[in-house]
Amino acid sequence: MALFSLTRSRKAARVLPGFNITLGFTLTYLSLIVLIPLSALVFKTFTLTWDQFWAAVTGPRVMASYRLTFGASLIAALVNVVFGLLVAWVLVRYEFFGKKVVDALVDLPFALPTAVAGISLTALLAGNGWIGQYLEPMGIQLAFNPNGVVIALIFIGLPFVVRTVQPVLEDAEKELEEAATCLGATRWQTFTRVIFPSIAPALLTGFAMAFARAIGEYGSVIFIAGNMPMVSEITPLIIIGKLEQYDYAGATAVAVVMLVISFILLLVINALQAWQRRHSGASV
């Protein structure tokens, strides 16, 4: 009777179908949505010879776009690590009027269409914009150059750092900080030796996610970048330009390079997340 009850409870716990059926649906869905489109991208690139492929992915404009895309993405991700940590710290450690509004605003770049974000930033920072009209007479130009690209990437990448670090700060043991203070540690020593080691995995994960997001960003950048060849032209715009010129093989060649880099970043993110889980488990 007990065995019968145990069998019934196990069957009742299976809300979804069995492993074979769900695995089949999973593989089919991933094939239709991810694997088949990516395979088509790679196969189209194979229509090029090696010399044609190399010429397509190493042209002067393409190389300039790589430097801008990866350089701006790196700068934006580093800025977001610093200010994302500060925002997460304020949201976790302090109570103030309007805290829920500020917390909701952090997710605004997630919900806001990227084109709207680009237009809004341009309206603010252009020479005739609300802020730009005061900065340009002083020689500070933030729109229609690489500066605008960095600002747009900071805007869209900030939530990744904040939302990655915030739960780790919430779970941090404040007793350790109090103990360090009682033992005579300064604020800087408490932060560097007690707080930072516990949030470092989350910070690295947030950095990698913000960096990966910035590399593929298009909508919010093209409006504020100026899109000048060799100056403020990002790699996704190079791909769009090749498609408009019906150079499909060249477009897919550049896209494959971005795909490989994105895949490497995905592996890094997964490794960092696994490290974070191990670190959290070891500290419990």
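Because the structure is a prediction, the values reported are computed rather than measured. (Residues numbered from 1 in each chain as written. Predicted model: local features only at pLDDT ≥ 70, side-chain atom pairs only at ≥ 80, totals over all residues. Heavy atoms only, no water.)

*Asks:* Please clarify how the overall build of the protein chain should be interpreted in this entry.
*Replies:* Assigned secondary structure in the protein chain consists of 14 helices and zero strands. Scanning the protein chain from its N terminus toward the C terminus, one meets helices and strands in the order α-α-α-α-α-α-α-α-α-α-α-α-α-α. Expected size for 284 residues packed as a compact globule is a radius of gyration near 19 Å; at 24 Å, the protein chain overshoots this value by more than 25%. Considered along the principal axes of its C-alpha atoms, the protein chain spans approximately 70 × 55 × 30 Å. Split into buried and exposed, the 284 residues of the protein chain put 36% on the buried side. Taking all contacts inside the protein chain whose residues are at least 6 apart in sequence as the whole, residues at least 24 apart take part in 76%. Surface accessibility of the protein chain: about 17,300 Å² in total, with carbon and sulfur atoms responsible for 70%. Here the protein chain holds 18 positive side-chain charges and 15 negative ones, and the gap between their average locations is 10 Å. (Helix = DSSP H or I, 4+ residues; strand = E, 2+ residues; numbered from the N terminus. Rg over C-alpha atoms; globule rule 2.2 N^0.38 Å. Buried < 20%, exposed > 50% of the residue type's maximum accessible area, 1.4 Å probe, protein only. Contact = heavy atoms within 4.5 Å. Areas by Shrake-Rupley, 256 points an atom, 1.4 Å probe, with all protein chains shown as cover. Lys, Arg positive; Asp, Glu negative; His and termini not counted. Charge placed at Lys NZ, Arg CZ, Asp CG, Glu CD.)

*Asks:* How should the pattern of salt bridges be read in this particular structure?
*Replies:* Two side chains that carry opposite charge are able to pair once their charged atoms sit near each other. In the structure shown here, the tally under the stated rule is six salt bridges. Arg 163 is the salt-bridge partner of Asp 107, the closest N and O atoms lying 2.9 Å from each other. Linking Asp 107 in the loop between α5 (99-106) and α6 (108-111) with Arg 163 in helix α9 (residues 146-171), this pair joins segments that are 56 residues apart in sequence. Classification of Asp 107 by relative accessible area gives partly exposed; the value is 30%. Look at the salt bridges and you will find they share partners, linking Asp 103, Asp 107 and Arg 163 into a network. (Salt bridge = Lys/Arg side-chain N within 4 Å of Asp/Glu carboxyl O.)

*Asks:* For this particular structure, what's the right way to read the nonpolar core?
*Replies:* Formed by 37 residues in total, the largest nonpolar core has its most connected members in Val 57, Tyr 66, Val 165, Leu 169, Ile 199 and Leu 203. Put simply, the parts of the chain that give this core at least two residues each are α3 (50-57), α4 (60-93), α9, α11 (187-215), α13 (235-244) and α14 (248-283). Per-element accounting of this core gives the leading share, nine residues, to α4. The residues contacting Leu 169, other than those within four sequence positions of it, are Leu 85, Ala 88, Trp 89, Val 92, Arg 93, Ile 195 and Ile 199. Ala 72, Leu 121, Ala 214 and Ile 222 belong to the second-largest nonpolar core, a separate cluster that totals 20 residues. (Core = buried A, V, L, I, M, F, W, Y, C linked by side-chain atoms within 4.5 Å.)

*Asks:* When you look at the packing of α4 against α5 in this model, what are you seeing that I'm missing?
*Replies:* If you want to describe how two helices pack, look at the angle between their axes and the distance between the axes. One way to put it is that α4 packs onto α5 with a least axis distance of 11 Å and a crossing angle of 145°. α5 is crossed by α4, and the crossing has left-handed handedness. Of α5, the residues touching α4 (which contributes Val 87, Leu 91 and Val 92) are Lys 99, Val 102, Asp 103 and Val 106. (Axes fitted to C-alpha atoms, helices over the stretch in contact; angles between N-to-C directions. Left-handed = near helix turned anticlockwise from the far one by under 90°.)

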